[in-house]
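Chains, contacts and geometry: an overview
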Amino acid sequence: MAKQGKMQRGGLKEFIRKTIVSLKRKPQTIPMLVLAVGFLYYSLNLTHVSDTTAKLQLSGMGLSGFCTMLFSMLSFVCFLNAYPHRKKTNIPMLTLMFLMLGLLIFCDTYYMDCITRALTREVNPITVDASTQYITTAYDMLGVHRIIIAVGAVLTLLVPVLRKLLRKIDTSLPVEEVGQMEAILLSEEA
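Rules and cut-offs
- Each residue is numbered by its place in its chain's sequence as written, counting from 1.
- Totals for whole chains, interfaces and linings use every residue, but because this is a predicted model, local features are given only for residues with pLDDT of at least 70 and side-chain atom pairs only at 80 or more, for both listing and counting.
- For the side-chain quantities, the full set of heavy atoms in the structure was used; hydrogens and water were omitted.
- By the criteria applied, helices consist of DSSP H or I runs no shorter than four residues and strands consist of E runs no shorter than two, each listed in order from the N terminus.
- For every residue, the accessible area (1.4 Å probe, protein chains only) is compared with the maximum for its type, and the residue is labelled buried under 20%, exposed over 50%, or partly exposed between those bounds.
- In this analysis an axis means a line fitted to C-alpha atoms, helices contributing only their contacting stretch, and an angle means the value between N-to-C directions, from 0 to 180 degrees.
- Here is the rule for angles: anything less than 35 degrees is roughly parallel, anything more than 145 is roughly antiparallel, 65 through 115 is roughly perpendicular, and the remaining ranges are oblique.
- By convention, the crossing between two helices is left-handed when the near helix turns anticlockwise from the far helix through less than a right angle, and right-handed when the turn is clockwise.
- Contacts between residues were defined by any pair of non-hydrogen atoms, one from each residue, lying within 4.5 Å.
- Under the grouping applied here, Gly and all other residues not named as nonpolar or charged are polar, the nonpolar ones being Ala, Val, Leu, Ile, Met, Phe, Trp, Tyr, Cys and Pro and the charged ones Asp, Glu, Lys and Arg.
- In this scheme Phe, Tyr and Trp rings, the latter by its six-membered ring, pair at centre separations within 6.5 Å, and the angle between planes marks the pair as stacked below 30 degrees, edge-to-face above 60, and tilted otherwise.
- By definition, no residue in a patch forms a salt bridge, and every one has over 30% relative accessible area; like charges are joined within 9 Å, nonpolar side chains (Val, Leu, Ile, Met, Phe, Trp, Tyr) within 5 Å.
- Note that accessible areas follow from Shrake-Rupley with a 1.4 Å probe, and for residues the cover is restricted to the protein chains shown.
- Each salt bridge in this description consists of a side-chain nitrogen of Lys or Arg and a carboxyl oxygen of Asp or Glu lying within 4 Å of one another.

1. What about the overall build of the protein chain?
The helix and strand inventory of the protein chain stands at eight helices and zero strands. In the protein chain, the succession of helices and strands from N to C terminus is α-α-α-α-α-α-α-α. Burial analysis of the protein chain (190 residues in total) assigns 31% to the buried set.

Set out below in structure tokens:
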């Protein structure tokens, strides 16, 4: 039983070591995952945005929601093309990606401003109650989405720094473990 627990801890250590090694090779994976989380977060809460657009019906709200979804996907594609495999960073794609991330933040801010205007206007303001709770949910979700996108943009800018920091982490195997692995490999061949 103790041996099995030791093997699982060793397996976890090896998994973490392999993960760090892969991040050393491709540090751009970190901001890519953050941007993917932002896309998923917006996509999974799109119902609240659609319901809010249908309820408030202010000009540009539908276009803003559409542009947010479109630029989320296109910025992800630009990110993947900005870091081709075993080639230098594609600066024009990276620039285009940052432009789209800026447009994403602008669209989220515009949509949030539309919600604020609808709730605070003098003539026929929208009141949020139990049946229209999705309006505040959409507002809060867009605020979090902006933060996730901004963090992804900052991490993308810091990829060279991340690369240097990750290289300082020692991921080499101790000599005794290498000997054990060779013994295991030799026993499997026999």
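On we go.
2. Quick look at the packing of helix H2 (residues 29-44) against helix H6 (residues 134-157)
The N-to-C vectors of H2 and H6 enclose an angle of 165 degrees; their axes lie 8 Å apart at closest approach. With respect to H6, the element H2 is oriented roughly antiparallel. In the crossing of H2 with H6, the sense of the turn from one axis to the other is left-handed. Only Met141, Leu142, Val144, His145, Ile148, Ile149, Val151, Gly152, Leu155 and Thr156 of H6 make contact with H2, whose side of the interface consists of Ile30, Pro31, Val34, Leu35, Gly38, Tyr41 and Tyr42. Its residues assigned to classes, the contact of H2 with H6 comprises 13 nonpolar, four polar and no charged.

3. Some words on the packing of aromatic side chains
For the structure shown, the criterion picks out two aromatic pairs. Ring plane angle 55 degrees and centroid distance 5.2 Å describe the contact between Phe79 and Tyr83, whose orientation is recorded as tilted. Relative to Tyr110, the ring of Phe106 has its centre 6.5 Å away and its plane inclined at 25 degrees; by these criteria the two rings are stacked. In this pair, Phe106 and Tyr110 both sit in helix H5 (residues 91-120), four residues apart, roughly one turn of the helix. For Phe106, a relative accessible area of 54% puts it in the exposed group.

4. Remarks on a nonpolar patch on the surface
A contiguous nonpolar surface patch, about 440 Å² in accessible area, is contributed by Val154, Leu157, Leu158, Val161 and Leu165. When residues of the nonpolar patch are traced back to their parent elements, those giving at least two are H6 and helix H7 (159-167). Mapped onto the fold, Leu158 is located in the loop between H6 and H7. Taking the relative accessible area as the measure of exposure, Leu158 reaches 36% and is therefore partly exposed.

5. Notes on the environment of Lys55
Locating Lys55 in the fold gives a position in helix H3 (residues 46-56). What makes Lys55 partly exposed here is its relative accessible area of 41%. Residue contacts for Lys55: discarding those within four places in its chain leaves Thr132, Tyr134 and Ile135.

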